[in-house]
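Structural characterization, general
Given next are the chains, with one letter for each unit.
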Amino acid sequence: MYTQALNAKDAVVEAAGPEEAGRNGRFQARVDAEERIEPNDWMPEAYRRTLVRQISQHAHSEIVGMLPEGNWITRAPSLKRKAALLAKVQDEAGHGLYLYAAAETLGTSREELVDQLLSGKAKYSSIFNYPTLSWADIGAIGWLVDGAAIMNQIPLCRCSYGPYARAMIRICKEESFHQRQGYEIMLTLCRGTPEQKAMAQDALNRWWWPCLMMFGPPDAESQHSEQSAQWKIKRFSNDELRQKFVDATVPQGHHLGLTFPDPDLTYDEAAGHWRFGAIDWEEFRQVLAGNGPCNRQRMKQRRDAHAAGAWVREAAMAHAEKRARRAREATGAVAAAA
Amino acid sequence: MAEAKIPLWEVFIRSRNGLAHKHVGSLHAADAGMALQAARDVYTRRGEGLSLWVVPSAAIVASDPADKEMLFEPTASKIYRHPTFYEVPDDVGHM
Amino acid sequence: MSTTSIALAESPLLALVLRRADDALILGHRLSEWCGHAPMLEEDIALANIALDCVGQARALYEYAAQVDGRGLTEDDFAYRREAHQYRNCLLVEQPNGDFAATIVRQVLFSAFIDPYWRAMMGSADAALAAVAAKAEKETAYHLRHAAEWLIRLGDGTAESRARVQAALDDLWPYAGEAFESDPAEAGLVAAGIAVDPASLRPAFDRTIARVLEEATLTRPTGSGAQSGGRRGRHSEHLGFILADLQYLQRAHPGAVW
């Protein structure tokens, strides 16, 4: 559902001789000409590493993101909501799958990527380390988290790396219903009983600031944005996307009759933007460092599922092996008889 | 300790009769039957297809991008292969 | 005292529709519990597809149940406002997911019954049920194929997978027979060509199970499969917990719209 700028520091253009510089130059010229880079094309190692890191973080976010929403599938309050939520969380599994496959075109494997997640080496979006405490959280996640994700993902459909861009096109198409289902849940709650409206307000109070953090640190502190922009992996800065999200979302919240948990939120007539208060970046750093409310719980659930499934994956491989051997023996027997 | 890798497959879908199968993505499966079912479950959740192919990714032989010029540029000069190369007077009508 | 539960006068037709609907809902609910926890990503998506089919079947059937009842109830009234003893599903579908082997065995046992059931019901004299059957049969045919292939993979896989799936089969076999039971009220519907006698599907079930178990190198448990009671509302302990999750919001906020 979401990819986040996490300030990793390895996106340094490698020092190179004239031949390497020439290849880098030709590569950059292709990117500048809006040509797509495909798996077997030559690419700078740092470009490959940056992509593997970003695409796999994005994939991990989809997979971990299934957990907070998955909490409410069995408790969804109507059959219509249950079906929609199950389909949505299932879509996230699909998106994780498409993205892992896109990363695999860069020479890594699903197993390696999953290992990186489960060992804690790889990051995923900070937002999924917050708990889903009421049904309204399902509305808030769809409306706000998916809304923020869309801001980020639409430009990625034009990313310079072909397989990533194609995966994003598919994901954006499938995700178009996610934000709407979330907003509809919020709308229904806000038009409902006082308890329901309070539930919606509480969800907004808890999710608003973490959603603003989803766009990553302020541009001034974002270390590899510039290189990613040059490679056309990232087309808008963290702050640009965050402002775009706030401008789109605040009127939607007011339409619901909800109050944003930010006393400094004001409309800047002249600029045509909603100005918001200071983000608590210390909280963001803590969540990224593993100290969010649910980091350990989410990772444990993923590790448990992976460990509990090991015997199933082994059995599938063992059975495939047996079948292949029997088929070989059968053809061998036929050949011997002929 | 490392788990055996489950093979990668490429998925192709015919979206309607009359169209060719088109590559839509990849997945992991232990065998062909599993790959076909996973392709159905992963890639046709919104009525995308009428027919599926799955191919082990390892079975695909790809041309080398470094050979691109040798392979694909010589064709550019064969303009006589295209109908617009030939002149037919307008009053002859459509041909 | 007011209650948030509905009271139903179960005509034979309504009872029949609820059996089918409740089987589908409870199985769908169980399968949905896997979401995010399956052995591999591809299977996560596959199990969710089956769950969505089940929930969809349940919704169509509850909608018809509301029509049969005739008092303006909705699909959600049936799902969210009945007590455990008013549920008519068989005990098999409410059994816990267990490990992946138990989920697959439960799915094979249920699908091997319900798939031929819906195929036969396509000829029902009740047009609404025949329509549900025509749609459901395509779905259940896939569920059966998917689950049976996994059963074969697990049975004829590793020593561990074989032991696990045989144990699951032994545990769940006592619940396999209930689906084929019927009562005098249902017999009237069978005579009228509205329902199919579940007992008539037993040979098809046995053939499917025999074929799959043979290929899976598994042993068919002995014993007749004697656990039953779900159709009369006598459930296992598990259903109460399912409904506690399922119905919590509707029960906590009576009359609210979601």
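Residues numbered from 1 in each chain as written. Chains lettered and ligands numbered in written order. Predicted model: local features only at pLDDT ≥ 70, side-chain atom pairs only at ≥ 80, totals over all residues. Heavy atoms only, no water.

1. Comments concerning the overall build of chain B
- Along chain B, the regular secondary structure elements total 2 helices and 3 strands.
- Of the regular secondary structure in chain B, the N- to C-terminal order runs β-β-α-β-α.
- By the compact-globule yardstick of 12 Å for 95 residues, chain B is too spread out, its C-alpha radius of gyration being 21 Å.
- Overall, the C-alpha framework of chain B stretches about 75 × 35 × 15 Å when taken along its three principal axes.
- Counting contacts in chain B only where the partners sit at least 6 residues apart, residues at least 24 apart contribute 43% of the total. (Helix = DSSP H or I, 4+ residues; strand = E, 2+ residues; numbered from the N terminus. Rg over C-alpha atoms; globule rule 2.2 N^0.38 Å. Contact = heavy atoms within 4.5 Å.)

2. Some points on the confidence of the model for chain C
- Summary statistics for chain C give a mean pLDDT of 96 and a share of 98% for residues scoring 70 or more.
- On the interface metric, ipTM, the complex scores 0.96, and its pTM is 0.94. (pLDDT = per-residue confidence, 0-100.)

3. Some thoughts on the interface of chain B and chain C
- On the chain C side, the residues contacting the 12 residues of chain B number 11 residues.
- Of all residues in chain B, Met34, Gln37 and Asp41 of chain B give up the largest surface area on contact with chain C, accounting jointly for 50% of the area buried on that side.
- Connecting chain B to chain C are 1 salt bridge.
- Across the salt bridge formed by Asp31 of chain B and Arg153 of chain C, the nearest N and O atoms sit 3.5 Å from each other.
- Our count for the contact surface shared by chain B and chain C stands at 7 residue pairs in polar contact (both at pLDDT 80 or more).
- Here the element with the most residues in the side of chain B that touches chain C is helix α1 (residues 32–43) of chain B; it accounts for 7 residues.
- For the side of chain B that touches chain C, the residue count by class is 5 nonpolar, 3 polar and 4 charged. (Buried area = accessible area lost by both parts, 1.4 Å probe. Salt bridge = Lys/Arg side-chain N within 4 Å of Asp/Glu carboxyl O. Polar contact = N/O pair within 3.5 Å; in protein donor to acceptor, adjacent residues only side chain to side chain. Nonpolar A, V, L, I, M, F, W, Y, C, P; charged D, E, K, R; others polar.)

4. Things to note about the packing of aromatic side chains
- Applying the stated criterion to the full structure yields 25 aromatic pairs over all chains.
- Measuring from centroid to centroid gives 5.4 Å for Tyr98 of chain A and Tyr43 of chain B, while their planes differ by 25°, and the two rings are stacked. Linking Tyr98 of chain A in helix α3 (residues 79–104) with Tyr43 of chain B in helix α1, this pair reaches from one chain into another. Each member of the pair, Tyr98 of chain A together with Tyr43 of chain B, is buried.
- An angle of 25° between the planes, with centres 5.9 Å apart, marks the rings of Trp208 of chain A and Phe245 of chain A as stacked. Pair noted here: Trp208 of chain A is in helix α7 (residues 194–213) and Phe245 of chain A is in helix α9 (residues 238–256), with a separation of 37 residues, a long-range link.
- Since its relative accessible area comes to 0%, Trp208 of chain A is described here as buried.
- Its end group placed over the ring of Tyr142 of chain C, Arg40 of chain B keeps NZ or CZ at 3.6 Å from the ring centre.
- Its end group placed over the ring of Tyr117 of chain C, Arg20 of chain C keeps NZ or CZ at 4.3 Å from the ring centre. (Phe/Tyr/Trp six-rings, centres within 6.5 Å; stacked < 30°, edge-to-face > 60°. Buried < 20%, exposed > 50% of the residue type's maximum accessible area, 1.4 Å probe, protein only. Lys NZ or Arg CZ within 6 Å of the ring centre and 35° of its normal.)

5. A closer look at the interface of chain A and chain C
- Listed per partner, the contact involves 47 residues of chain A and 48 residues of chain C.
- Approximately 4,000 Å² of surface area, both sides summed, lies buried where chain A meets chain C, with 68% of it carried by carbon and sulfur atoms.
- Summed over the three residues of chain A that lose the most area to chain C, namely Leu79, Gln90 and Trp311 of chain A, the buried surface amounts to 20% of that side.
- Connecting chain A to chain C are 4 salt bridges.
- A salt bridge links Arg110 of chain A to Glu42 of chain C; its shortest N-O distance comes to 2.6 Å.

6. Here's the deal with the side chain of Asp115 of chain C
Residue and element names in this part refer to chain C.
- Topologically, Asp115 is positioned in helix α5 (residues 100–121).
- Taking relative accessible area as the criterion, Asp115 reaches 3% and is therefore assigned buried.
- Only 3.2 Å separates the side chain of Asp115 from the backbone nitrogen of Ala141, close enough to count as a polar contact.
- In contact with Asp115, other than residues within four places in its own chain, are Glu137, Thr140, Ala141 and Leu144.

7. Looking at a nonpolar patch on the surface
Residues and elements named next belong to chain B.
- Judged by side-chain polarity, Ile79, Tyr80, Phe85 and Tyr86 come together as a nonpolar surface patch covering roughly 430 Å² of accessible area.
- Residue placement: Phe85 occurs in the segment after α2 (68–72).
- Given the relative accessible area of 42%, Phe85 is considered partly exposed. (Patch = residues over 30% accessible without salt bridge, like charges linked within 9 Å, V, L, I, M, F, W, Y side chains within 5 Å. Areas by Shrake-Rupley, 256 points an atom, 1.4 Å probe, with all protein chains shown as cover.)

8. Things to note about helix α6 (residues 127–155) of chain C
- Between its first and last C-alpha atoms α6 of chain C spans 41 Å; for 29 residues at 1.5 Å apiece the expected length is 42 Å, and the two agree.
- Maximum bend of α6 of chain C: about 30°, positioned at Ala136 of chain C. (Expected span 1.5 Å × (residues − 1). Bend = angle between axes of the 7 residues up to and from the residue.)

9. A look at the environment of Leu144 of chain A
- Relative to the helices and strands, Leu144 of chain A resides in helix α5 (residues 135–156).
- Not counting chain neighbours up to four residues away, the residues in contact with Leu144 of chain A comprise Leu204, Trp207, Trp208, Cys211, Phe245 and Thr249 of chain A.

10. Things to note about the packing of helix α1 (residues 12–32) of chain C against α5 of chain C
All names here are of chain C.
- Here α1 crosses α5 at 150°, and the two axes come no closer than 12 Å. The pairing of α1 with α5 is recorded here as roughly antiparallel in orientation. The two elements α1 and α5 meet at a crossing, and its hand is left-handed. Judged by residue contacts, Leu16, Arg20, Asp23, Leu27, Arg30 and Leu31 of α1 engage Thr103, Arg106, Gln107, Phe110, Phe113, Ile114, Tyr117 and Trp118 from α5.
- Across the contact of α1 with α5, the residue classes tally to 8 nonpolar, 2 polar and 4 charged. (Axes fitted to C-alpha atoms, helices over the stretch in contact; angles between N-to-C directions. Parallel < 35°, antiparallel > 145°, perpendicular 65-115°, else oblique. Left-handed = near helix turned anticlockwise from the far one by under 90°.)

11. What about the packing of α1 of chain B against α6 of chain C?
- One way to put it is that α1 of chain B packs onto α6 of chain C with a least axis distance of 11 Å and a crossing angle of 145°. As α1 of chain B runs across α6 of chain C, the sense of the crossing is left-handed. Where α1 of chain B abuts α6 of chain C, its residues Gly33, Met34, Gln37, Arg40 and Asp41 of chain B lie against Tyr142, Arg145, His146, Glu149, Trp150 and Arg153 of chain C.
- Broken down by class, the residue content of the contact of α1 of chain B with α6 of chain C amounts to 3 nonpolar, 3 polar and 5 charged.

12. A look at the pattern of salt bridges
All names here are of chain A.
- Per the counting criterion, the structure on display carries 50 salt bridges over all chains.
- Between Glu92 and Lys88 there is a salt bridge whose closest N-O contact spans 3.1 Å. Taken as a pair, Glu92 and Lys88 lie in helix α3 at a separation of 4 residues, close to a single helical turn. Taken as a pair, Glu92 and Lys88 share a single burial class, namely buried.

13. Focus on unusual backbone geometry
All names here are of chain A.
- Even without being a glycine, Glu34 presents a positive backbone phi close to 65°.
- Mapped onto the fold, Glu34 is located in the loop between α1 (18–32) and α2 (45–70).
- Using a relative accessible area of 38% as the deciding quantity, one classes Glu34 as partly exposed.
- At Lys232, a position not held by glycine, the phi torsion is positive, near 55°.
- Here Lys232 shows up in the loop between α8 (225–230) and α9.

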